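Structure at a glance
Take a look at the letters that make up each chain.
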Amino acid sequence: MTPVIAETREELAAARARVRGTLALVPTMGALHEGHRSLIRRARRSADAVAVSIFVNPLQFGPGEDFDRYPRTFATDVEACAAEGADIVFAPGREVMYPAEPQVTVKSGPMGARVEGASRPGHFDGMLTVVLKLFHLVLPDIAVFGEKDAQQLAMIRRMVTDLNVPVEIVGGPTVREPDGLALSSRNRYLSDGERRTALALSRALRAGADAVAGGPGAIRDAARAVLDKAAAAEPPLELDYLALVDPATFTEVADARTGPAVLAVAGRVGTTHLIDNVPLHLGAPKEH
Ligand code: PAF
């Protein structure tokens, strides 16, 4: 099935009006990979119709980041949406999303300045602003986001709670290559050598997860040992952060903490910024 392609607000409104039943939105910046495709499949299981938005949002890129070189692969993105049974592809140009420089934007608050937000000031303000605009334009009942961007997902959940946005937020699990590398649109920037170094991110998370019985200190030490080695590799990994945080607030957890936590890591290999995370349960094993 070929999805309806809407580039303007009017085309989107017409396509939205034809949806019968519930609509799930999968917001993306394009360069779709298997991770996005799994989110579209998740959306299809949750709603009667699925819209995928494709928009590289300038507001969430800082100066010197990769907005200009971010991969734009529209034709193959539409093929992927069609293969996964999406009904609508919303692909607005910049002038549709931002007809004028926005004066009123969403502020991500203290949580938006932590962890990834500390490495990328303003990133979460820009991300939340575009997500709220997409919700107002597409009017979905449900929206599906990848758990690879754990802080993004937590911030969006917080936004819909704090601002009473009537959209149910659903997370979809991270998809990995067989060697552990989390799928990301930015992986295509990596040379073979850079990709080898980048594997340290998922390896560090696995080492941290394997040390979970020892508590937060042991988790951080095990992950840090892997990252230290990668910092001395060629090409090196330049660590942005390793954080063991409360999944709802993204504040560092105390040593005595029990319950859910997220071990999050980010670093730069060459000029490529990569992030990854793993959910953990601290303390006594979770009861099922
Ligand atoms: O995760 C992304 O691709 C982007 O941050 C999103 C949610 C589509 C907003 O631009």
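This one's a predicted model, so the numbers in the text were calculated from it and none came from an experiment. (Residues numbered from 1 in each chain as written. Predicted model: local features only at pLDDT ≥ 70, side-chain atom pairs only at ≥ 80, totals over all residues. Heavy atoms only, no water.)

1. Thoughts on the overall build of the protein chain
A tally of helices and strands in the protein chain yields nine helices and nine strands. On C-alpha atoms alone, the protein chain measures out to a radius of gyration of 19 Å, which is about the 19 Å that the 2.2 N^0.38 rule sets for 288 residues. With the C-alpha coordinates of the protein chain rotated into their principal frame, the extents come out at 55 × 40 × 40 Å. Burial status across the protein chain gives 55% buried among its 288 residues. Within the protein chain, contacts between residues separated by at least 24 positions form 71% of all contacts whose residues are at least 6 apart in sequence. Per element, the accessible surface of the protein chain, about 13500 Å² overall, is 53% carbon and sulfur. (Helix = DSSP H or I, 4+ residues; strand = E, 2+ residues; numbered from the N terminus. Rg over C-alpha atoms; globule rule 2.2 N^0.38 Å. Buried < 20%, exposed > 50% of the residue type's maximum accessible area, 1.4 Å probe, protein only. Contact = heavy atoms within 4.5 Å. Areas by Shrake-Rupley, 256 points an atom, 1.4 Å probe, with all protein chains shown as cover.)

2. A closer look at the pattern of salt bridges
One pass over the full model with this rule turns up 14 salt bridges. Where Arg186 meets Asp66, a salt bridge forms, and the shortest distance between an N and an O atom there is 2.7 Å. Of the two residues, Arg186 is situated in the loop between strand 6 (168–172) and helix 8 (192–210) and Asp66 in the loop between strand 3 (49–54) and helix 3 (74–83); the sequence distance between them amounts to 120 residues. Side by side, Arg186 and Asp66 carry an identical accessibility label, which is buried. (Salt bridge = Lys/Arg side-chain N within 4 Å of Asp/Glu carboxyl O.)

3. Concerning the side chain of His123
Along the polypeptide, His123 turns up in helix 6 (residues 123–138). Assessed through its relative accessible area of 8%, His123 is described here as buried. Among the polar contacts made by the side chain of His123, one reaches the main-chain carbonyl oxygen of Gln60 at a distance of 2.9 Å. (Polar contact = N/O pair within 3.5 Å; in protein donor to acceptor, adjacent residues only side chain to side chain.)

4. Quick word on the UniProt feature "binding site: beta-alanine" (unreviewed entry) in the protein chain
Annotation from UniProt places "binding site: beta-alanine" (unreviewed entry) at Gln60. Topologically, Gln60 is positioned in the loop between strand 3 and helix 3. Overall, Gln60 belongs to the buried group, its relative accessible area being 8%. In this view, Gln60 contacts Met29, Glu65, Arg120, His123, Gly126, Met127 and Val130; residues no more than four positions away in its chain are not counted. (UniProt positions renumbered as here; feature names shortened; annotations may be inferred.)

5. A look at the site of the ligand
Around the ligand, the neighbouring residues are Pro27, Thr28, Met29, Asn57, Gln60, Met127, Val130, Val131, Phe145 and Gln152. Contact distances for the ligand include 2.6 Å between an oxygen atom and a side-chain N or O atom of Gln60. Interatomic distance of 2.7 Å between a side-chain N/O atom of Gln152 and an oxygen atom of the ligand. For the ligand, whose unbound accessible area comes to 290 Å², protein coverage reaches 89%. The class makeup of the residues in the shell around the ligand is six nonpolar, four polar and no charged. (Near = heavy atom within 4 Å. Nonpolar A, V, L, I, M, F, W, Y, C, P; charged D, E, K, R; others polar.)

6. Looking at the nonpolar core
By size, the foremost hydrophobic cluster in this structure holds 46 residues, and its most contacted members are Phe90, Met97, Val131, Phe135, Phe145, Ile169 and Phe250. Top element by residues in this core is helix 6. It accounts for 10 residues. Leaving out residues up to four positions away in the same chain, Val131 has contacts with Phe145, Ile156 and Met159. Core analysis: the next-biggest nonpolar cluster, separate from the first, contains 26 residues, Leu199, Leu205, Leu263 and Val265 among them. (Core = buried A, V, L, I, M, F, W, Y, C linked by side-chain atoms within 4.5 Å.)

7. Remarks on the pairing of strand 3
By the criterion of burial, strand 3 is predominantly enclosed, with six of the six residues buried. Alignment of strand 2 (residues 23–28) against strand 3, held across six bridges, turns out to be parallel. Following the sheet pairing, Val26 is matched in strand 3 by Val52. Each parallel crossover has a hand, and for strand 2 linked through helix 2 (residues 34–46) to strand 3 it is right-handed. Note: strand 3 against strand 4 (residues 88–90), three bridges, orientation parallel. The residue of strand 4 that forms the bridge with Ala51 is Ile88. Taken together, strand 3, helix 3 and strand 4 constitute a β-α-β crossover, and its handedness is right-handed. (Pairing = 2+ DSSP bridges. Right-handed = clockwise from strand over helix to strand, strands pointing away.)

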